[in-house]
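Chain and residue survey
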Amino acid sequence: MINKIKQRYFSNTNLYLLVAAAVMLVMLLSAWYVMQQRQKSFNTRLSHLHQLQLNQLAQVNYAARQQVMIAAQLVASDQNLKQLLLAAAESYRANEPAAMFDTLRQQALPLINHYWQTLLPYGASQLHLHLAPDAYTLLRAHRPERHSDRLADIRPLVMHSLNSGKNAVGIELGKHGLGLRAVVPVIDPQGLVQGAVELGVDLQKVFQQAQTGLAAGDSEDATAAMSMAMLVASDITAVLNKDMQQSWYQGEGWSTAVSSALLRYWLDNNALPRQLTQQQQLLLDYAGREYLVSLLPMPVWGEDQAEARLLSVIWQDVTAQINTQQKANKLIWLIWLAATLLLLALGVLLVSYLRRQAQHEVAGQQALLKQQEQKLSALYQLSPLPILLNRFSDGAYIEANPAMEQLVGYTPEELKQLSYWDLTPECYAEAEQQQLKALTETGRYGPYIKQYRHKNGDLIDIELNGVLFNDAQDEKFIWSIIKDIREIKRLEKLKDDFVSTVSHELRTPLTSISGSLGLVLGGAGGALSPKAEKLLSIAHKNSQRLNLLINDLLDIEKLMAGKMRFDEAAVALPRLLHEALEQHQPFALQHNVSLTLQAAPDVQLWIDTARIQQVLTNFLSNAVKFSPSGAAVILSAELQGQNVRISVQDQGPGIAAADQPQLFKRFSQLNHAENQAKGGTGLGLAISREIARHSGGDVGVKSAAGQGATFWLELPLYQPEIQAAQGDAVLVLEDDADTAHLLCEFLRAQHYAPDWAADTAAAWQKLASHSYVAMTLDLKLHNDSGADFFLRLRDNPVTANLPVLVVSAFVEHGKLQLAALAHALDWLEKPVTPELLGVKLGQLLSQLPTKNRYQRILHIEDDQDIVTIMRMQLESLCDYQAVASLTQARKILQQHRFDLILLDLGLPDGNGIDVLPDIVATQGDIPVVIFSAQDLSPENKAKVRAVYSKSRINTEVLAKYLKNILNSA
């Protein structure tokens with residue numbers, strides 16, 4: 001295989017290009033895959049860094065919320081401040097004068113101012129005290145002179161806390177900027193909300209403080225430091241005070257209070273998306289460096305918009321990481337390129353080596369091929385058998401060896417000028433087509449015997465064998481080897497003439513000689529002297545031996561040539577064995593040996609009785625000859641599946657195992673000293689084997705030295721074909737054609753054969769010429785009476801017991817007329833259904849003796865597929881029922897009567913043979929047929945009517961056989 005690959009592929013110069021392309025493709029694909037994996041890994045690292053940035057933003061947001069809420073709760077927990085707030089709320093509800101509120105403000109101002117001064121360094125932007133229920137402002141710490149306004153319509157966060165009584169924290173938009181505000185309600189002892197403490201933090205300062213903390217924590221690597229800021233939509237900054245708007249950088253989509261040139265560059269170039277609904281990762285550049293930017297939307301209290309209006313943004317310089325990745329990628333590409341060039345060099349060297357090897361091997365193969373061609377050419381030319389090459393398409397002769405010229409007289413050049421039918425007589429046209437079909441299907445033909453026409457016109461007997469093959473151009477040719485069988489034919493004719501001569505010219509005088517000697521020895525020619533009687537006895541004995549030898553020689557030749565005639569017929573086995581025993585009793589008595597026949601199964605064989613008796617004669621005569629005086633020879637037979645084995649057992653010296661293979665060969669005789677005097681031609685057993693095989697069986701022997709011998713003959717059982725039974729005929733007497741047609745269709749559906757008569761005259765004619773199992777009768781007929789017809793029917797002895805089903809619309813009136821004649825009579829009122837019609841007829845027929853009623857079969861079978869098939873086969877013939885177990889079978893046997901049982905052996909709850917006693921007890925002596933895949937013992941076979949194997953008989957034949965049994969019951 002390797003040599004063929006090298007010769008075919010490595011001898012082509014273009015292979016260098018193929019190898020180079022393959023190496024380049026493999027290396028490029030490998031490099032591309034590696035780079036893809038590296039890029040995937042780098043992207044994963046960026047995603048991880050993006051997640052860290054988002055976590056940082058979330059942490060800043062969470063920490064700010066927690067701090068502002070804790071600070072607000074701290075202020076609200078001041079009891080002095082709380083009491084003042086509750087007192088102010090009570091005065092507010094009582095509509096007391098404004099002077100009362102001024103007093104309370106003066107008392108609360110030092111307290112709230114203390115908290116304000118404390119929180120101011122932490123970014124506090126406002127500290128307010130509000131009164132319920134409309135968020136009346138009692139005091140502003142950063143602007144105490146501004147108070148007494150109501151914020152119910154403009155401060156949803158405060159109103160949410162006052163209304164719910166719960167803490168609230170969120171981002172709100174005001175004229176003084178975006179603030180993170182926390183509101184803590186103040187509740188009186190009765191659990192009512194009386195006011196609230198509001199604390200606001202400037203978000204911009206929160207992010208500036210967080211940025212300061214990030215810068216202080218990343219002193220070692222400035223490029224790895226994170227920066228963060230807050231962005232707001234441009235429409236938000238429009239509501240700010242003008243003095244505050246001046247401190248904000250207004251972009252086209254977003255605004256920021258951060259003075260970072262980097263962030264402003266991105267805003268000017270619209271690098272940040274204007275519409276954002278969820279967190280996002282970006283990779284942006286600035287001043288030749290790359291930054292990983294993470295955006296996180298921040299909700300504004302009270303707004304429910306899909307697009308974010310407030311963003312927290314964080315970025316980090318990742319230029320070093322990207323540069324490192326790019327340098328590594330370049331290095332890897334250089335390594336792959338170097339490896340590719342190295343592999344290309346190695347590939348070129350390998351191809352060069354293999355090419356040289358291939359060229360060397362091709363030269364060697366060509367030399368060897370030339371040598372083989374010379375040998376084949378010599379064999380072809382010197383072959384004693386003619387060899388011929390034909391073209392398959394038209395049969396033209398292409399080439400022939402010298403032996404072919406000697407056979408037909410044509411030279412190879414002359415053969416090429418001939419057509420196929422110039423050499424083959426046209427009488428072989430049909431046979432040629434058969435051989436051509438075999439050649440097309442199998443690729444070979446023969447042995448095929450025909451004749452060639454010699455150049456001189458003579459016909460030559462030949463035998464051909466040939467094969468079909470394709471050449472390099474895929475054209476088909478036939479190589480044929482021809483054998484001259486003229487000498488064989490001549491010898492066969494001589495042998496046939498010899499056999500004919502022996503048969504006619506030797507048998508006749510030999511019969512005369514043997515008969516004459518017999519007559520003389522019997523006293524026909526007068527008394528003989530003892531010496532003359534002895535000499536004549538020797539002559540008579542040897543004439544009989546010669547006659548036996550001639551018969552055996554003729555028989556073996558006919559058998560081997562296939563010319564012996566077999567007249568086969570059905571023969572009962574017991575009769576065959578009894579006749580064989582009767583014929584050999586005198587010979588056994590002559591040798592003082594007893595012949596015994598054991599009971600044989602009652603089966604039939606399809607055989608030529610005379611030929612099988614010839615086999616039994618060989619077995620019995622040998623058994624008698626080789627048995628000692630006073631011994632017994634036993635003839636027996638037993639069933640083995642679908643075969644029967646006939647055995648002949650003797651008590652002779654036995655046959656050694658080494659001698660047994662030679663027994664059934666022609667002219668084979670044992671060389672033991674004690675057997676020399678027994679005589680024989682050595683052809684009897686060989687003839688027996690040929691007869692047995694021609695009959696579809698075989699022969700054999702079982703023996704051991706000193707223990708006697710048992711010769712056996714095995715033959716197949718004969719199963720006769722079974723004729724199908726027709727459906728039971730039912731006569732329909734009905735004057736209405738439509739009703740009659742309907743009744744006939746109903747009867748056909750119930751597997752009956754209906755016949756219609758329109759009036760009583762036609763009915764009497766049909767009853768006289770046909771046999772019916774039952775009839776239907778309409779009482780009201782046109783110009784006639786159905787009741788009178790029934791009375792005449794019962795008066796006629798032929799139809800006195802014919803079952804009648806009255807189908808009429810006047811059932812009650814008819815019952816009064818015919819009440820006294822209820823035998824085999826039933827009533828069915830119109831309209832009629834097919835099911836009820838079938839039931840009524842079945843009941844009528846069940847009252848008759850078995851031979852006149854519709855038979856019923858019970859099938860005990862657990863395989864539903866077989867039940868379905870048998871139901872289809874039997875429903876048109878009889879009433880078919882099936883059960884799947886022994887328990888169900890015993891129950892239905894007690895409830896119904898059946899005419900035949902079809903039984904399987906392998907059932908779920910036991911062996912089917914166990915139900916035989918129940919069948920006898922409930923049904924009596926009815927036929928039982930075994931239909932199973934299991935074998936049945938001989939003693940159990942005797943208990944049933946027949947045994948069939950599921951693998952050896954089809955269901956159609958079985959159904960016909962079952963109906964035959966019912967018809968003959």
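Before any of the text, the structure's been laid out above.
Description of the structure in this document. (Residues numbered from 1 in each chain as written. Predicted model: local features only at pLDDT ≥ 70, side-chain atom pairs only at ≥ 80, totals over all residues. Heavy atoms only, no water.)

Some thoughts on the sheet that holds strand 7 (residues 249-250)
Spatially, 6 strands are ordered 7-8-6-11-10-9 in an open sheet, and the strand pairing comes out antiparallel. Every other strand in the sheet has two partners, leaving strand 7 and strand 9 (280-286) as the edge strands with one partner each. As defined by bridge partners, strand 7 adjoins strand 8 (residues 254-256) across 2 bridges and the pair is classed as antiparallel. Looking at strand 8, one finds that Tyr-249 is bridged to Thr-256. Sheet strands in contact with helix 9 (residues 261-268) are strand 6 (226-233), strand 7, strand 8, strand 9, strand 10 (289-297) and strand 11 (310-317), and its direction is about 105° off that of strand 9. Set on the sheet, helix 10 (residues 319-382) makes contact with strand 9, strand 10 and strand 11; between it and strand 10 the angle comes to about 125°. (Pairing = 2+ DSSP bridges. Helix = DSSP H or I, 4+ residues; strand = E, 2+ residues; numbered from the N terminus. Contact = heavy atoms within 4.5 Å. Axes fitted to C-alpha atoms, helices over the stretch in contact; angles between N-to-C directions.)

Section: helix 17 (residues 573-590)
Taking 1.5 Å per residue as the helical rise, helix 17 with its 18 residues ought to reach 26 Å, and the 27 Å between its terminal C-alpha atoms agrees with that figure. Residues of helix 17 that are buried: Leu-573, Leu-576, Leu-577, Ala-580, Leu-581, His-584 and Ala-588. Structurally, helix 17 contributes buried residues whose contacts are with strand 17 (569-572), strand 18 (594-597), strand 19 (604-607), helix 18 (609-626), strand 20 (632-640) and strand 21 (643-649). Immediately beyond the C-terminal end of helix 17, within one or two residues, lies Asn-592, with a positive phi of roughly 55°. (Expected span 1.5 Å × (residues − 1). Buried < 20%, exposed > 50% of the residue type's maximum accessible area, 1.4 Å probe, protein only.)

Comments concerning the packing of aromatic side chains
As enumerated under the stated definition, the model contains 13 aromatic pairs in all. The interplanar angle of 70° and the centroid separation of 6.4 Å between the aromatic rings of Tyr-92 and Phe-101 together place this pair among those described as edge-to-face. Accessibility assignment for this pair places Tyr-92 and Phe-101 in one class, buried. Put simply, the rings of Tyr-92, Phe-101 and Tyr-136 touch in pairs and so form one group of aromatic residues. A cation over an aromatic ring shows up here: Arg-645 above the ring of Trp-712, its NZ or CZ 3.9 Å from the ring centre. The ring of Phe-898 has Arg-856 lying over it, and the distance from NZ or CZ to the ring centre is 5.2 Å. (Phe/Tyr/Trp six-rings, centres within 6.5 Å; stacked < 30°, edge-to-face > 60°. Lys NZ or Arg CZ within 6 Å of the ring centre and 35° of its normal.)

Focus on the nonpolar core
For soluble globular proteins, the rule of thumb is that nonpolar side chains tend to be buried together. Grouped together as the largest cluster of nonpolar side chains are 84 residues, with contacts concentrated most on Leu-127, Leu-131, Val-293, Leu-310 and Trp-315. If you tally residues by element for this core, the top one is helix 2 (residues 15-76), at 13 residues. Not counting residues within four places of it along the chain, the set of residues in contact with Leu-127 comprises Val-75, Ile-112, Tyr-115, Trp-116, Leu-139, Arg-140, Ala-141, His-142, Val-197, Glu-198 and Leu-199. Counting residues in hydrophobic clusters, the runner-up holds 38 residues, among them Leu-581, Val-615, Phe-619 and Ala-623. (Core = buried A, V, L, I, M, F, W, Y, C linked by side-chain atoms within 4.5 Å.)

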